[in-house]
Amino acid sequence: MADVISFLNQNSGALTVLFTAVVTLATVVYAALTAVLVIETRKLRLVQTEPRIEITVDSLDFSVHIVRLCIRNIGEAPAKNVTFEPLLLEGGEVGQSLMSEFLTPNFFHTGLRYFGPRQFRYSGYTQTNVDFEAKAGSVICFKIAYESVTGKKYTDEVVVDMAEIRGRYQLGKPNLYSIAQSMEKIQGDLHHVVTGFKRIKVDNYDTKDREEEARDKKEWMREAAEKLKPHNK
């Protein structure tokens, strides 16, 4: 024990320097981690106040050949003063007609004053069973300008390649669509019953009818037995 105390007393200066170096290194590492945490928090806060708009090709559930564009705000914050500038990159006359069909809703021309997070809008629709090859070869570019609630402005260019519709198919009917059709049919049948438009056919069958049926059946069996008897020559 005395040797240990003597060693510490003889090397107190070196030990103090070593301890100071360790504390300094720990402080530097802690400061660096704090700076990284601050940067990540700032990025996360920016993402939470940042809108992001995408445009995808979407087909109807019950009819895969009817196609439209889905404009969706996938960001965590609302977008304000959204404007659209469409430009046909490929497709010719059919592509121009296709773009005109998509741009039928008025918001493409007037813009959107407010577009909330996870909110979506649909364009006009087109039927891909008409001029399929020409439509599938069309490419449309949308220049989208908008701003966040903090006033930061964004400009994105979204390219819609209609070649995505190639190879699409659908097996059977969607469950929700089938359920909706069945419910509509049930509702129609109940309406007809209640209003008397279609009356239920009911066959009344009482005791008197059963007795008469039994007599007829007994008479038929007697006649049949008479016919089966051998005739006397």
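The shown structure was predicted, so the numbers you read here are calculated from the model rather than taken from an experiment. (Residues numbered from 1 in each chain as written. Predicted model: local features only at pLDDT ≥ 70, side-chain atom pairs only at ≥ 80, totals over all residues. Heavy atoms only, no water.)

Let us look at the overall build of the chain. Assigned secondary structure in the chain consists of 7 helices and 7 strands. Reading the helices (α) and strands (β) of the chain from amino to carboxyl end gives α-α-β-β-β-α-α-β-β-α-β-β-α-α. With 233 residues in all, the chain has 23% of them scored as buried. Within the chain, counting contacts between residues at least 6 apart in sequence, those at least 24 apart form 66% of the total. On the chain, roughly 17,600 Å² of surface is accessible, and the fraction owed to carbon and sulfur atoms is 58%. (Helix = DSSP H or I, 4+ residues; strand = E, 2+ residues; numbered from the N terminus. Buried < 20%, exposed > 50% of the residue type's maximum accessible area, 1.4 Å probe, protein only. Contact = heavy atoms within 4.5 Å. Areas by Shrake-Rupley, 256 points an atom, 1.4 Å probe, with all protein chains shown as cover.)

By the definition in use, this model includes 6 aromatic pairs. Aromatic pair F84 and F107: ring centres 6.0 Å apart, planes at 70°, arrangement edge-to-face. Note that F84 is positioned in strand β3 (residues 79-90) and F107 in helix α4 (residues 107-110), a separation of 23 residues in sequence. When its relative accessible area of 7% is taken as the criterion, F84 is described as buried. On the accessibility criterion, F107 (9% relative accessible area) is buried. Taking the centre distance of 5.3 Å and the plane angle of 65° together, the rings of F84 and F108 count as edge-to-face. Of this pair, F84 sits in strand β3 while F108 sits in helix α4; the two residues are 24 residues apart in sequence, bridging distant segments of the chain. Side by side, F84 and F108 carry an identical accessibility label, which is buried. Sitting over the face of the ring of Y122, R68 holds its NZ or CZ atom 3.6 Å from the ring centroid. Here the basic side chain of R121 rests over the ring of F107, its NZ or CZ set 5.6 Å away from the ring centre. (Phe/Tyr/Trp six-rings, centres within 6.5 Å; stacked < 30°, edge-to-face > 60°. Lys NZ or Arg CZ within 6 Å of the ring centre and 35° of its normal.)

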